[in-house]
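For reference, the chains in residue letters:
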Amino acid sequence: MAKLSQDDLLAQFEEMTLIELSEFVKAFEEKFDVTAAAPAAAVVVAGGAGGAEAAVEEQDEFDVILDGAGDKKIQVIKEVRALTSLGLKEAKDLVDTAGAKVLEKVAKDVAEKAKAQLEGAGAKVTVK
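Residues numbered from 1 in each chain as written. Predicted model: local features only at pLDDT ≥ 70, side-chain atom pairs only at ≥ 80, totals over all residues. Heavy atoms only, no water.

1. Examining the pattern of salt bridges
Applying the stated criterion to the full structure yields 5 salt bridges. When the shortest N-O distance is used, the salt bridge between Asp-63 and Lys-101 registers 3.4 Å. Residue Asp-63 is located in strand S1 (residues 62-68), and its partner Lys-101 is located in strand S2 (residues 100-106); the two are separated by 38 residues in the primary sequence. Overall, Asp-63 belongs to the buried group, its relative accessible area being 16%. Taking the relative accessible area as the measure of exposure, Lys-101 reaches 40% and is therefore partly exposed. The network of salt bridges with common partners includes Asp-63, Lys-101 and Glu-104. (Salt bridge = Lys/Arg side-chain N within 4 Å of Asp/Glu carboxyl O. Helix = DSSP H or I, 4+ residues; strand = E, 2+ residues; numbered from the N terminus. Buried < 20%, exposed > 50% of the residue type's maximum accessible area, 1.4 Å probe, protein only.)

2. What to know about the packing of helix H5 (residues 73-83) against helix H6 (residues 88-96)
At a minimum axis separation of 9 Å, H5 and H6 run at an interaxial angle of 120°. One finds that H5 runs oblique with respect to H6. Like other packed secondary-structure pairs, H5 and H6 cross with a definite hand, here right-handed. Taking contact as the criterion, the partners of Lys-73, Val-76, Ile-77, Val-80 and Arg-81 in H5 are, on H6, Leu-88, Ala-91, Lys-92, Leu-94, Val-95 and Asp-96. Taken together, the residues of the contact of H5 with H6 sort by class into 7 nonpolar, no polar and 4 charged. (Axes fitted to C-alpha atoms, helices over the stretch in contact; angles between N-to-C directions. Parallel < 35°, antiparallel > 145°, perpendicular 65-115°, else oblique. Left-handed = near helix turned anticlockwise from the far one by under 90°. Contact = heavy atoms within 4.5 Å. Nonpolar A, V, L, I, M, F, W, Y, C, P; charged D, E, K, R; others polar.)

3. A short note on helix H7 (residues 108-120)
Taking 1.5 Å per residue as the helical rise, H7 with its 13 residues ought to reach 18 Å, and the 18 Å between its terminal C-alpha atoms agrees with that figure. When H7 is considered as a whole, its buried residues turn out to be Ala-111, Ala-114 and Leu-118. Buried residues in H7, looked at end-on, bunch into an arc of 65°, giving them a common side. Structural note: H7 exposes Lys-108, Asp-109, Lys-113 and Gly-120 on the side pointing more than 90 degrees away from its buried face. Residues of H7 that are buried in the fold lie against S1, H5, S2 and strand S3 (124-127). (Expected span 1.5 Å × (residues − 1). Arc of directions from axis to C-beta.)

4. A closer look at the sheet that holds S2
An order of S2-S1-S3 is seen for the 3 strands of this open sheet, with the pairing classed as antiparallel. Each edge of the open sheet is held by one strand with a lone partner, namely S2 and S3. When strand polarity is set aside, the average angle formed by the axes of neighbouring strands in this sheet is 20°. Pairing of S1 with S2 involves 4 bridges; the strand directions are antiparallel. Opposite Phe-62, over in S2, you have Val-106 as the bridge partner. (Pairing = 2+ DSSP bridges.)

Take a look at the structure:
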């Protein structure tokens, strides 16, 4: 069998119905043991306007923002390094910057845990 180019594959997908494409995605996921994230997003979009409004109201991604380091700056830097993959200089620079985002687009439980760790070290933290 000749190897198909990306354009050839896209042309084949354009000719498929949504049901055929859905069945293909399921077969692809099973064959290669992967999960496609796009169909889940399509379900939210296909849910209609009422479903979209509910998705907007229920926030599932949060940012952890460092408002101030407080008196124990070194402890806060250590916590920032523990929560992120930043080096010492980058963590210090982040702590020195007012309103810096320590973590972006994380789950609520991760954000709350990070907030508790940073506040335990003496920092002022906001979760948005």
